[in-house]
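Survey of secondary and tertiary structure
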Amino acid sequence: MSDSFKTLDELDLTNKVVLLRADLNVPMADGKVTDATRIERLVPTIRAIVKHDAKVVLLSHFGRPKGKVDAEFSLEQVCAAVADETGHPVGFVATDWVDVSQARQAIEDAPPGSVLVMENTRFHPGEEANDVELAKRMASLGDIYVNDAFSAAHRAHASTEALAHLLPAAAGLAMEAELKALEAGLGKPKKPVVAIVGGAKVSSKIDLLENLVTKVDGLVIGGGMANTFLHAMGYGVGKSLAEKELADTARRIMDKA
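These remarks concern the structure in this document.

Parameters at a glance
Residues numbered from 1 in each chain as written. Predicted model: local features only at pLDDT ≥ 70, side-chain atom pairs only at ≥ 80, totals over all residues. Heavy atoms only, no water. Helix = DSSP H or I, 4+ residues; strand = E, 2+ residues; numbered from the N terminus. Buried < 20%, exposed > 50% of the residue type's maximum accessible area, 1.4 Å probe, protein only. Areas by Shrake-Rupley, 256 points an atom, 1.4 Å probe, with all protein chains shown as cover. Lys, Arg positive; Asp, Glu negative; His and termini not counted. Charge placed at Lys NZ, Arg CZ, Asp CG, Glu CD. Contact = heavy atoms within 4.5 Å. Core = buried A, V, L, I, M, F, W, Y, C linked by side-chain atoms within 4.5 Å. Pairing = 2+ DSSP bridges. Right-handed = clockwise from strand over helix to strand, strands pointing away. Axes fitted to C-alpha atoms, helices over the stretch in contact; angles between N-to-C directions.

1. Digging into the overall build of the protein
Each helix and strand counted, the protein has 10 helices and 10 strands in total. Taken over the C-alpha atoms alone, the protein extends approximately 60 × 40 × 35 Å along its principal axes. The 257 residues of the protein split such that 47% are buried. Carbon and sulfur atoms provide 51% of the accessible area of the protein, an area that totals close to 13000 Å². Across the protein, the 29 positively charged side chains and the 36 negatively charged ones have centroids separated by 5 Å.

Spelled out as structure tokens, the structure:
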């Protein structure tokens, strides 16, 4: 048990429908998942839920369909990989997230212990807008909300933030491990502490970076967003990925450090 968040073992999962926020935004090529790491990390949580004869309904974004239904970004194409990693049959539930009545019926008709993947949450513009009405439609599909998508948890979207307020909620096993690691590293850490942050964009991590620089002794920037800092420092980055418009933000973070 944690003082700051609930864990799976604090909830009665028996025969419940559990909406599990996952990160199924995995790399693909030729219709196949090329790196299943994010799916692998979900497996312990899925198994911990289905053993209670509960149904697991996976919610995730995939790519950037910009709030519209787009077959290119359908999560149906990752179902086979989820089945392979879990060793469990996986169903797919289509929806445009405007009318979820058919989706609700499909979930109700599924037997206890089922694992189902819902269609891409970003097929509706309300997902990225953290729309409460969309979150209410999502909540109508289940009894419990579990978030195991640490890599998407910094975004206040309907399926990551608004939905968590509408149902009994807990952290999944992977999320629990990440939060405990953060607490060990940032709550009462042994000094000195160095944080390594990677990723493509500074824009999605501004708050994180500005918070981290007040807590750590060193901050190492990696990935594509390192180029934004290099550009802000006056170095040429050529055609490499860089958010040059955020140069002032990068300089502010460095000054704060």
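2. Examining the side chain of His157
Inspection of the secondary structure puts His157 in the loop between strand 7 (144–147) and helix 6 (158–162). Given a relative accessible area of 9%, His157 falls into the buried group. Setting aside residues no more than four positions away along its own chain, His157 makes contact with Arg122, Glu127, Glu128, Asn130 and Ala162.

3. A closer look at the nonpolar core
Formed by 53 residues in total, the largest nonpolar core has its most connected members in Leu24, Leu58, Trp97, Met118 and Leu163. Sequence-distant contacts of Leu163, that is, excluding residues within four places in its chain, are made with Leu19, Leu59, Ala135, Met138, Ala139, Tyr145 and Ala158. Formed by 16 residues, the second largest nonpolar core is a distinct cluster that contains Val202, Ala232, Leu246 and Ile253.

4. Looking at unusual backbone geometry
A cis geometry characterises the amide bond from Lys191 onward to Pro192, with omega recorded as -5°. Among the structural elements, Pro192 can be located in the loop between helix 7 (173–187) and strand 9 (194–197). In this structure, Asn15 is a non-glycine residue whose phi angle is positive, near 60°. Note that Asn15 resides in the segment before strand 1 (17–21). One non-glycine residue, Lys66, lies in positive phi territory at about 60°.

5. Remarks on the pairing of strand 5 (residues 90–93)
The side chains of a regular strand alternate, residue by residue, between the two faces of the sheet. Where strand 5 lies against strand 6 (residues 115–118), four bridges are found, and the strand directions are parallel. Paired with Phe92 across the bridge in strand 6 is Val117. For the crossover that starts at strand 5, traverses helix 4 (residues 101–109) and ends in the parallel strand 6, the hand is right-handed.

6. Observations concerning the sheet that holds strand 6
Sheet architecture is open: six strands sit in the order 5-6-4-1-7-8, paired in parallel fashion. Bordering the open sheet on either side are strand 5 and strand 8 (169–171), each of which pairs with just one other strand. Averaged over neighbouring strand pairs, the angle between their axes works out to 25° when direction is ignored. Across three bridges, the pairing between strand 7 and strand 8 is parallel. Bridge pairing links Asn147 to Ala171 in strand 8. Sheet strands touched by helix 2 (residues 43–50): strand 1, strand 4 (55–59), strand 6 and strand 7. Its angle to strand 4, the strand with the most contacts, is close to 145°.

In short, geometric facts, not functional conclusions.
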